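Summary of the model geometry
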Amino acid sequence: MIIGTAGHIDHGKSTLVTALTGIDPDRLAEEKQRGMTIDLGFAHMRLPDGRQLGIVDVPGHARFIRNMLAGAHGIDAVLLVVAADEGLMPQTREHLEIVDLLEVSRGLVALTKVDLVDAAWRQLVEEEVAEALRGTSVEGARIVGVSAVTGEGIDELKAAIAGLFPASEPRSDVGRPRLPIDRVFTMSGFGTVVTGTLVDGKLAVGDELDVVPNRLSTRIRGLQQHNTAVDEAVPGSRVAANLTGIEKKDLSRGDVLARRSTLAATRRIDAHVRVVASASRPLKHGAEVLLHTGTVEVGARAIVLDGDVIEPGGEGWVQLYLDHVIAAAAKDRFVLRVPSPSATIGGGRFADVAPRKHPRHDAATRASLQRRAEGNVLQEELRKYPRGVSVAAFLKASLAAEPDLTRLSARRVGDWIFDDGAWAAMAARARAELEAYHRAHALRQGMPREELRSRLGLQGGSFGAALKGLVADGVVQERDGDLALPSHQVAIEAGDSPAARLLELLGAQPYTPPSVAEAMRAAGASGEVVRALVQRGDLVRVSEDTAFTREAYDRAVAAIKELISIHGSVSVAQLRDHLGASRRPVLALLEHLDAERVTRRVGDARVLR
Ligand SMILES: Nc1nc2c(ncn2[C@@H]2O[C@H](COP(=O)(O)OP(=O)(O)O)[C@@H](O)[C@H]2O)c(=O)[nH]1
Ligand SMILES: [Mg+2]
């Protein structure tokens, strides 16, 4: 569990963290020298029931709001710090707004520096704070007066913090660990170390991970939780991971470590945005904004999908087009800010992290996004990719551990999922293409795989799966790597056809046949005719040059077996004389039978295997 501080500069956030934990969260020399938090600080404390709580301390200064935003991701609760002597100040409101946009639903207010004010003033400030919380995600949060100077309220605050986290409530673990990186450094003797707040799954020493979006791979050599080495880190904890196979220069805040092939890298995101009521202007279509999500900040253009603006206090769907690729997952929360003057304009949740471009003012798009946001991700992915959705793509589009096809009319074949309607259309198309092909090429046993793939307009991966399904359904048969309808038979016309003439020619002098090339020429038969006859079994081609009719071949094989059974073996000369054949075809036949492992050559003779 993680709690994050929030509040105006100098209101006593860092001092309070030290009072609670004994750890000074200001770790940078510059922070200590200036007495001011610049970057995120981290501390941890043990709750009365023994559980560890991580604390993220954020800077209050407006200039470092981006660091505050990086720290606010992944927190389970907020500790809003308000100095009793100053009351609400600009960053109190700004941080509170961010907490609300990130939907942090648990919180406490620490009213600090109560040693500096009298009871009446304190009462006034408490009322002001309670009023400010109204309508936010932490409305009604308890307000605890504390003083780091006198120690007043510290124990009460500790108890209140513990009360925020009922022991029975585990953090969500969907087996999809993600660690948005907030710090990268090298430690002598260890190498590269990253820290972050772990969400959605566990990490263990030895895990192979992706670094997204740069598509690097790494392995976890060591893990720490709250400065203690562990074999496994659980979601909702502060984690330091020692990584192998990757250098500090290849990593930065905003990158995310994730389970292999589960996290999307994207430049386009569909999102539902709420524009804050306090915004001084609406969110305009085409506006340049800064997107903060996880620990990343990236410039983006907001395509407002309905209307030309979203007014302060309003909400709507936008497509964000990012300046560069980031790691993102559906349902991730985000904040949008505008640069000068720097201000929060809105925030919300991602719906589709790999969307197509949409027409604007389109009810179907809106409805689809709505259904997706409600959890029908697979259905919407199938709509988006009627030619099939890979399981890997689906995992990147959702937070699910596995695709769930119940209540969907879809089928899974291998690692691909197809909508039933799209499947039926594809099967019909395959049938029609094969039918046309068989008609055009009656002598061929089937269509080459690659040709059907391109005719169906499928990619290699989805075609492999689709074909498996079509074969299982009995729509298609595989014949020596070619594809045919089950009903298809190579058609060789009887009568005076090249095929018939070829068979007749070869059959007329079965053991002194002309070479295949000569016979083709004489019969006017193409290579295709020969192939078809071989496939049908009417011809047995024992070498490039030599082919026998089926009948002649079967008789010769029977003769060989008989001769061997009588004499123990058979020679080329014996067989030639027995069949009244010439030498060349007999030699080719015996070599063919050797290769077929029917006979074996011993000296000049053949014996049976
Ligand atoms: N009198 C008094 N001063 C405090 C208290 N807490 C913090 N301070 C002082 O307020 C100043 C700002 O504190 P700091 O923790 O750096 O504030 P932050 O910017 O919110 O982290 C420091 O000089 C602290 O010593 C308190 O409870 N009482
Ligand atoms: Mg501070």
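Along each chain, residues carry numbers from 1 onward, in the same order as the chain's sequence is written. Chain labels run from A onward and ligand labels from 1 onward, assigned in the order the entries are written. Only residues with pLDDT of 70 or above have their local features reported here, since the model is predicted, and side-chain atom pairs are shown and tallied only from 80 upward, although totals for entire chains, interfaces and linings are computed over all residues. The basis for the side-chain values is all heavy atoms of the structure; hydrogens and waters are excluded.

1. Description of the overall build of the chain
Defined as follows: Strands are runs of DSSP state E lasting at least 2 residues, helices are runs of H or I lasting at least 4, and numbering of each runs from the N terminus. We compute the radius of gyration from the C-alpha atoms alone; for a globule the expected value is 2.2 Å times N to the 0.38, where N is the number of residues. We call two residues in contact whenever any of their non-hydrogen atoms come within 4.5 Å of each other.
Summing up its helical and strand segments, the chain has 18 helices and 34 strands in all. Whereas a compact globule of 609 residues would reach a radius of gyration of roughly 25 Å, the chain reaches 37 Å, over 25% beyond that. A principal-axis box enclosing the C-alpha atoms of the chain has dimensions of 125 × 55 × 40 Å. By sequence separation, contacts in the chain at least 24 residues apart represent 66% of the contacts at least 6 residues apart.

2. Re the pattern of salt bridges
Quick note on the threshold: A carboxyl oxygen of Asp or Glu within 4 Å of a side-chain nitrogen of Lys or Arg is what we treat as a salt bridge. A 1.4 Å probe rolled over the protein chains alone gives each residue an accessible area, and that area as a share of the maximum for its type sets the label: buried under 20%, exposed over 50%, partly exposed in between.
Taken as a whole, this structure holds 42 salt bridges when the rule is applied. In this structure, Asp308 engages Arg360 in a salt bridge whose closest nitrogen and oxygen atoms are separated by 3.1 Å. Of this pair, Asp308 sits in the loop between strand E19 (296-304) and strand E20 (309-310) while Arg360 sits in the loop between strand E23 (343-352) and helix H7 (363-373), and the two are 52 residues apart along the sequence. By relative accessible area, Arg360 is classed as partly exposed at 25%. For Arg412, the salt bridge identified is with Asp415, shortest N-O distance 3.5 Å. Judged by its relative accessible area of 53%, Asp415 falls in the exposed class. Overlapping salt bridges bring together Glu208, Asp210, Arg215 and Arg260 as one network.

3. Quick notes on the sheet that holds strand E27 (residues 447-448)
Quick reminder of the rule: Being paired, for any two strands, means DSSP has found at least two bridges between them.
Read from one edge of the open sheet, 3 strands run E27-E29-E28, paired in antiparallel fashion. Among the strands making up the open sheet, the edge pair consists of E27 and strand E28 (477-479). Looking at chain direction, E27 and strand E29 (residues 482-484) are connected through 2 bridges and run antiparallel. Within the sheet, the bridge partner assigned to Pro448 lies in E29 and is Asp482.

4. Some points on the coordination of the magnesium ion (ligand 2)
Reference values for coordination geometry: four tetrahedral donors around a metal ideally subtend 109.5 degrees, six octahedral donors ideally subtend 90 or 180 degrees. Stated formally: Here a donor is an N, O or S atom found within 2.8 Å of the metal, or within 3.2 Å if the metal is Na, K or Ca; sites may look incomplete because water is not among the atoms.
Surrounding the magnesium ion (ligand 2) are the protein donor atoms Ser14 (OG) and Thr37 (OG1), which sit 2.0 to 2.1 Å from the metal. With Ser14 in helix H1 (residues 13-21) and Thr37 in the loop between helix H2 (29-34) and strand E2 (41-46), the pair connects residues that are 23 residues apart, well separated along the chain. For the pair Ser14 and Thr37, one class covers both residues: buried.

5. A closer look at the sheet that holds strand E26 (residues 416-419)
Worth spelling out the cut-off: Fitted lines through C-alpha atoms give the axes, limited to the stretch in contact for helices. The angle between two N-to-C directions lies from 0 to 180 degrees.
Across the sheet, which stays open at both edges, the 3 strands sit in the order E24-E26-E25 with antiparallel pairing between neighbours. Looking along the sheet, the strands with just one partner apiece sit at the ends: strand E24 (389-390) and strand E25 (410-413). Bridging between E25 and E26 involves 4 bridges; their strand directions are antiparallel. Looking across to E26, one finds that Val413 is bridged to Trp416. Against the sheet, helix H8 (residues 377-384) makes contact with E24, E25 and E26, and its axis sits at roughly 75 degrees relative to E26, the strand it touches most. Sheet strands touched by helix H10 (residues 420-440): E25 and E26. Its angle to E26, the strand with the most contacts, is close to 90 degrees.

6. Some thoughts on the environment of Thr15
Looking at the element boundaries, Thr15 is found in helix H1. On the basis of relative accessible area, Thr15 is assigned to the partly exposed category, the value being 46%. Sequence-wise, Thr15 and Leu399 are 384 residues apart; in three dimensions their C-alpha atoms are separated by 38 Å.

As far as function goes, none of this settles anything; it's purely spatial.
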